[in-house]
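Summary of the model geometry
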Amino acid sequence: MSTTRTRLGLAAALVASAALLALPAGGNAQPAAPVTAAVAWPQAQRGTVQATLPDGAEYRPGLFLDARTSLGTAASTDDRYLRLVRVGADGTVRQLRRLPRAEHPSFQALTVAGDVLAWVESTDGGKLRLFTAGLRDARPPRELTADLGRAEFYQSQYDLVIADGRVHWVAADTGDVTQLRSVALTGGPVAVRREPGTWKMSAWPWLVNGVNDSSGSTLLRNLGTGRDSPIGHARDRAITACSPAWCRVASLTGDGLSRIELMRPDGSDRHRIAGDTAATVIVDVAPLDRFEVLSRIGPNSELTGNNELIAVEIATRRTVEISPDAGSVSYRDGMLWWSTGNLDAVVWHALDLRTI
């Protein structure tokens with residue numbers, strides 16, 4: 001069994017079962033119907049990817065480079081291997097790696113910075129290996145290290161961070177200590193730095209604490225300066241999840257309804273964005289510091305298992321409907337993608353939030 005423990009952040013886990021409905025800035029007024037993304041963001045780049053590759057293999061995206069180019073996994077045609085592949089805008093498929101299915105493999109924590117792609121491979125017995133590959137050359141992937149420690153992944157875009165010529169990640173240590181690990185993009189020994197407390201990576205060079213705390217995040221730490229930034233008090237029985245720019249505060253009102261607010265980490269600019277009939281669907285707070293992504297329960301949700309996918313624009317507090325019927329939802333580096341359909345007919349859709 002892998003030593004990697006893939007966990008949702010506490011705030012996302014709490015809110016994912018809650019009911020939240022985006023409200024206008026005015027407070028008690030009835031919420032306006034959301035405008036569709038096509039109307040709100042006509043310039044945004046969108047794309048679709050079929051869930052079946054040309055060779056008939058089922059495909060699941062793990063990272064979108066743009067609205068029409070993705071990386072993901074698919075079995076080989078003989079079902080003996082799990083492949084990591086790149087699917088181009090023209091539908092061409094390039095295999096980057098393959099691992100025997102008998103070893104129960106997975107490709108995790110895909111991340112990209114510039115022309116460099118990095119990911120972690122896991123096989124039987126918790127064996128982890130870190131690989132990189134160039135996005136603009138045909139050279140084979142390169143293994144950087146198998147010394148990942150007890151790596152911790154949270155389904156966040158910051159599970160692996162490429163910065164300052166190194167790949168960074170966190171790992172569990174004994175007691176209430178977190179290991180900050182990194183290795184050069186050229187390979188070599190792994191550097192280990194121990195920080196008291198339980199931390200996860202955020203936007204470089206920041207850490208955020210509160211991974212195992214029932215109230216969520218209370219502190220941001222800048223690795224470059226060593227400076228700590230306390231997070232403004234939310235309220236009793238609230239769970240806070242933070243990035244360096246925004247915090248999401250989840251709590252319950254006196255009548256038992258859910259309440260979602262955004263605030264700056266110092267507690268300023270606090271405002272309610274949601275409540276009642278929606279739920280958060282991604283771990284990372286406030287993508288691009290501009291949006292908060294939610295899924296709202298719809299009339300067919302109980303039947304189909306899919307929900308309406310919406311985003312709240314932080315600057316305008318406008319609610320935008322991205323999809324009326326979204327299944328699995330993921331986000332990385334400004335790219336949002338989701339599935340529609342059922343097990344018999346799945347289509348993957350992508351929206352480049354960077355182009356809005």
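Here the structure is a predicted model, which is why all the values come from computation and not from measurement. Sequence order as written defines residue numbering, which begins from 1 separately in each chain. It should be noted that, the model being predicted, local features are given only for residues of pLDDT at least 70 and side-chain atom pairs only at 80 or more, the latter also being counted only at that level, while totals for whole chains, interfaces and linings use all residues. Based on all heavy atoms of the structure, the side-chain values leave hydrogens and waters out of the count.

So, about the overall build of the chain. Looking only at helices and strands, the chain has 3 helices and 31 strands in total. Here's how the labels work: a residue is buried when its accessible area is under 20% of the maximum for its type, exposed when over 50%, partly exposed in between, all with a 1.4 Å probe on protein chains only. Across the 356 residues in the chain, those meeting the buried criterion constitute 53%. Pairs at least 24 residues apart make up 40% of the contacts formed inside the chain by residues separated by at least 6 positions. Accessible areas in this description were obtained via Shrake-Rupley with a 1.4 Å probe; residue shielding takes into account the shown protein chains only. Within the structure as shown, the chain displays about 16100 Å² of accessible surface, and the carbon and sulfur contribution to it stands at 50%. Numbering of helices and strands runs from the N terminus; a helix is a DSSP stretch of H or I covering at least four residues, while a strand is a stretch of E covering at least two. In this analysis, two residues are considered to be in contact whenever any of their non-hydrogen atoms come within 4.5 Å of each other.

This part covers the confidence of the model for the chain. The pLDDT averaged across the chain works out to 88; a share of 89% of its residues lies at or above 70. Throughout residues 1-31 the model reports pLDDT below 50, and contacts reaching past four residues in sequence, or to other chains, amount to 97 contacts. What pLDDT conveys is the predictor's confidence in a given residue, as a value from 0 to 100.

Two rings from Phe, Tyr or Trp (for Trp, the six-membered ring) form a pair when their centres sit within 6.5 Å of each other. Planes less than 30 degrees apart are called stacked, planes more than 60 degrees apart edge-to-face, and all others tilted. Throughout the structure, instances matching the rule amount to 3 aromatic pairs. Ring plane angle 10° and centroid distance 5.9 Å describe the contact between W119 and F131, whose orientation is recorded as stacked. Of this pair, W119 sits in strand β9 (residues 116-123) while F131 sits in strand β10 (residues 127-134), placing them 12 residues apart in sequence. Relative accessible area serves as the criterion here: at 3%, F131 is assigned to the buried category. Comment: the charge-over-ring label is applied if NZ (Lys) or CZ (Arg) is within 6 Å of the ring centre and within 35 degrees of the ring normal. Of note, R98 hangs over the ring of Y81, and the distance from its end group to the ring centre comes to 3.8 Å.

Another point: the state of the cysteines. In this description, a disulfide is simply a cysteine sulfur pair whose atoms lie within 2.5 Å. One pass over the full model with this rule turns up 1 disulfide. One disulfide bridge connects C242 with C247, the sulfur atoms lying 2.0 Å from each other. Between C242 and C247 the sulfur-sulfur dihedral comes to about 110°; the bridge is accordingly right-handed. Neither residue differs from the other here; C242 and C247 are each classed as buried.

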